[in-house]
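Spelled out from the first residue to the last, the chains are:
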Amino acid sequence: MADDYDTRDILRPLVFRLHENVPSIVREVLLERGWSEFDKKGQDDADWNLYWRNSPFHMTDHHSIKPWQRLNHYPEAVRITRKDYLARHLKRMKGAYGSALYEFSPVAFIMPNDYVKFIAEYSKERQSVGGRPSYWICKPVDLSRGRGILIFQDIKDLVYDCTVVVQKYISNPLLISGYKLDLRLYVCVTSFCPLTIYTYKEGLVRFATEKFDLSSLDNVYAHLTNTSINKYGASYKKYKEGIGCGCKWTFSKFRSYLRIFGVDDVVLWQKINNIVILTLLAVTPLPVASNCFELFGFDILIDDKFKPWLLEVNYNPALCLDCSIDDTVKRKLLHDIVELLNYKQIDTFRQNQVSGIKAGRRSTAGESATEETPGLLTCQKVAKCASSEQPALQAAGASIRKVSTLTRRTARAHPRKTLTSQLREGMNMPKIPSQAKAETKNKHFPGARHSPHKSAQLSCWLHTPDFCNYRLTTRPYFLSDKDQRPIPRVGDFVLIFPFNEAALQASRDGTDIKSIIKEINKLISKQLPSEQQNTRKRVGYLTSV
């Protein structure tokens, strides 16, 4: 490998590119690691290794990705992070696989569309005899950091001027010294196809800064745990008994606290991992893309029976440093993300790894289709057919490569064709009505800022029965060199999916959600009821302290 490059290039650093408004800690961590920052005026457009931005990338960025590059967002990840989208996906999964499996999220009503349904549920709750009084929480679907949240008991107090989600408010949260808390869990998805999920062992426990009190629903400092709100409260800097100053703990301190009182938290974290997997399955599959990842912030609330609830999933979880605990957790988080991206020495050259051609130059006609388009649209047919069908597949593949070569030669005279059109021409497959219907449906999907036309084309051939068996030929960066499987642990990132061989196979050639759900049910059944009962007794003692 070294013979192909100038020896002066051996010590070249990796290069990062930042969009505007990216938190300063990202730059600090990358510089600490010896990276250099991308110079738009002095470097080629593809002469970078990591592009980090707060907003979604355009689909053209995914199309043109090189083997040595990584993007910090996955296409259409907003499907899980907008509150109304998440509510719809979880409702669909409840209908398909049972409410018992998806009972970790309170029933949601998207207003104003679900107003009649909400009124019916509200009236039913009011008329029930002997039940606990119901409380509700109203959240704007596209705001974050606790903005616009309203907690109410009487419907006359429900006022909104935008699309909102209304859910049952969990009025029996786990309290420590009388203060409400929730967990900010960091989840990194390195691939949605095959689905590959890592959770971060360390995280943030966020406290309200005034004691929980259902008689004062308008006191945001008692009911909301968002640091962006509580840092302006009068009690934020004061020492609070059992909590300390500020409003944050680390997961490590939380675990130690639970174990002091004899609470075995193993079952809790198993349940939380199940919530993460089941939630991400709800939006699988997303458009196939290579060399990107998504860092999510899952907000989990624990009730006084030690049951975890999913509150929401955050896009671009906050990386600002409000206190020393933030710095401790988030700085190492970013270091471990870079490790998870699994850069090789050859990536510093920012050249095609086979031919050694410099980034940004046009490839020769002799290169394969894989080398020419190493990004989103570089796919191959998964060999699942019987041996008698292999010659036909090989012939089709040769035909596709021929069409790809012809397309490159005529690119200046005609618009560049997508892989979809190349496949149709090479395999003589006319567009069928079901595909046209799927394309029309996908064009109207409300999502990230990119071309809906290209996204619809991609979703069309991904989700139809014949084309769903295509996958990227660019070797996934998150696989181990040793056994070509996802690396089980990188720093404090722990692989939670796939969690066994059956789950791995079910996610490998198109996500088989039914088989994965079956494996999750097996996993849940292994949790011993006696251990859960013992945990409840301990938690009862904990909440009484």
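Predicted model, so just to flag it, every value in this text is computed and none were measured.

Rules of the game
- Residues numbered from 1 in each chain as written.
- Predicted model: local features only at pLDDT ≥ 70, side-chain atom pairs only at ≥ 80, totals over all residues.
- Heavy atoms only, no water.
- Helix = DSSP H or I, 4+ residues; strand = E, 2+ residues; numbered from the N terminus.
- Buried < 20%, exposed > 50% of the residue type's maximum accessible area, 1.4 Å probe, protein only.
- Contact = heavy atoms within 4.5 Å.
- Areas by Shrake-Rupley, 256 points an atom, 1.4 Å probe, with all protein chains shown as cover.
- pLDDT = per-residue confidence, 0-100.
- Phe/Tyr/Trp six-rings, centres within 6.5 Å; stacked < 30°, edge-to-face > 60°.
- Lys NZ or Arg CZ within 6 Å of the ring centre and 35° of its normal.
- Disulfide = S-S within 2.5 Å.
- Pairing = 2+ DSSP bridges.
- Axes fitted to C-alpha atoms, helices over the stretch in contact; angles between N-to-C directions.
- Salt bridge = Lys/Arg side-chain N within 4 Å of Asp/Glu carboxyl O.
- Expected span 1.5 Å × (residues − 1).
- Right-handed = clockwise from strand over helix to strand, strands pointing away.
- Lys, Arg positive; Asp, Glu negative; His and termini not counted.
- Polar contact = N/O pair within 3.5 Å; in protein donor to acceptor, adjacent residues only side chain to side chain.

The helix and strand tally for the protein chain stands at 18 helices and 19 strands. Burial analysis of the protein chain (545 residues in total) assigns 51% to the buried set. Pairs at least 24 residues apart make up 68% of the contacts formed inside the protein chain by residues separated by at least 6 positions. For the protein chain, the accessible surface area stands at approximately 25800 Å², while carbon and sulfur atoms represent 53% of it.

Our focus in this paragraph is the confidence of the model for the protein chain. Per-residue confidence for the protein chain averages 79 on the pLDDT scale, and 71% of its residues sit at or above 70. Per-residue pLDDT stays below 50 along residues 359–471; that stretch engages in 149 contacts with residues further than four places along the chain or on separate chains.

Each aromatic ring pair is described using two quantities: the centre-to-centre distance and the angle formed by the ring planes. Scanning all chains against the criterion turns up 19 aromatic pairs. Ring geometry for F109 against F118: centres 5.6 Å apart, planes inclined by 65°, an arrangement best described as edge-to-face. Of the two residues examined, F109 and F118, each falls in the buried class. Among the aromatic residues, those joined into a ring-pair cluster are F109, F118, Y122, W136 and F152. Positioned above the aromatic ring of Y51 is the side chain of R17, whose terminal nitrogen or guanidinium carbon lies 4.5 Å from the ring centre. Directly above the ring of Y85 sits R82, whose terminal nitrogen or CZ lies 4.7 Å from the centroid.

Scanning the model with the defined rule gives zero disulfides in all. Note on C320: no disulfide assigned, nearest cysteine sulfur contributed by C323 at a separation of 9.5 Å. Judged by relative accessible area, which is 38%, C320 ranks as partly exposed.

Now for the sheet that holds strand 2 (residues 36–37). Read across the sheet, four strands follow the order 2-1-3-4 without closing on themselves; strand pairing throughout is parallel. The strands lining the two open edges of the sheet, one partner per strand, are strand 2 and strand 4 (70–71). The pairing of strand 1 (residues 15–18) with strand 3 (residues 50–52) spans three bridges and is parallel. The partner of L18 across the bridge, within strand 3, is W52. Along the sheet, helix 1 (residues 24–32) makes contact with strand 1, strand 2 and strand 3, crossing strand 1 at roughly 175°.

Let's shift gears to the pattern of salt bridges. Pairs may arise between side chains of opposite charge once their charged atoms sit close together. Tallied over the entire structure, the rule returns 32 salt bridges. E125 is the salt-bridge partner of K168, the closest N and O atoms lying 3.1 Å from each other. With K168 in strand 8 (residues 164–168) and E125 in helix 5 (residues 115–127), this pair connects stretches of sequence that are 43 residues apart. Residue K168 is classed as partly exposed on the basis of its relative accessible area, which comes to 30%. Salt bridges sharing partners connect three or more residues here, namely E28, E32, D327 and R331.

Moving on, we get to helix 10 (residues 324–340). For helix 10, built from 17 residues, the straight-helix expectation of 24 Å at 1.5 Å per residue is met to within 8% by its first-to-last C-alpha distance of 24 Å. Taken residue by residue, helix 10 has D326, V329, K330, R331, L333, L334, H335, D336, I337, V338 and L340 as its buried positions. Phi for N342, located one or two positions after helix 10, is positive at around 55°.

When a strand is regular, its side chains alternate between the sheet's two faces. Burial along strand 1 is two-sided: V15 and R17 and F16 and L18, pointing in opposite directions, are all buried. Once the chain exits strand 1 it traverses helix 1 before rejoining the sheet at strand 2, and the crossover so formed is right-handed.

Counting buried residues along strand 8, four of its five residues qualify, which places the element largely inside the surrounding structure. In terms of strand pairing, strand 5 (residues 108–111) meets strand 8 through four bridges, oriented antiparallel. Along strand 8, the bridge assignment pairs F109 with V166. The pairing of strand 6 (residues 136–140) with strand 8 spans five bridges and is classified as antiparallel. Of the residues in strand 8, the one forming a bridge with P140 is V164.

Following the sequence through the fold, K240 ends up in the loop between helix 7 (227–230) and strand 13 (248–250). One buried charged side chain, K240, makes no salt bridge at all; its nearest oppositely charged neighbour is E210, positioned 9.7 Å away. Within the structure, the side chain of K240 is placed 3.2 Å from the backbone oxygen of Y236, a separation counted as a polar contact. Each residue touching K240, except ones within four places of it in the same chain, is listed here: Y179, T209, S235, C245 and G246.

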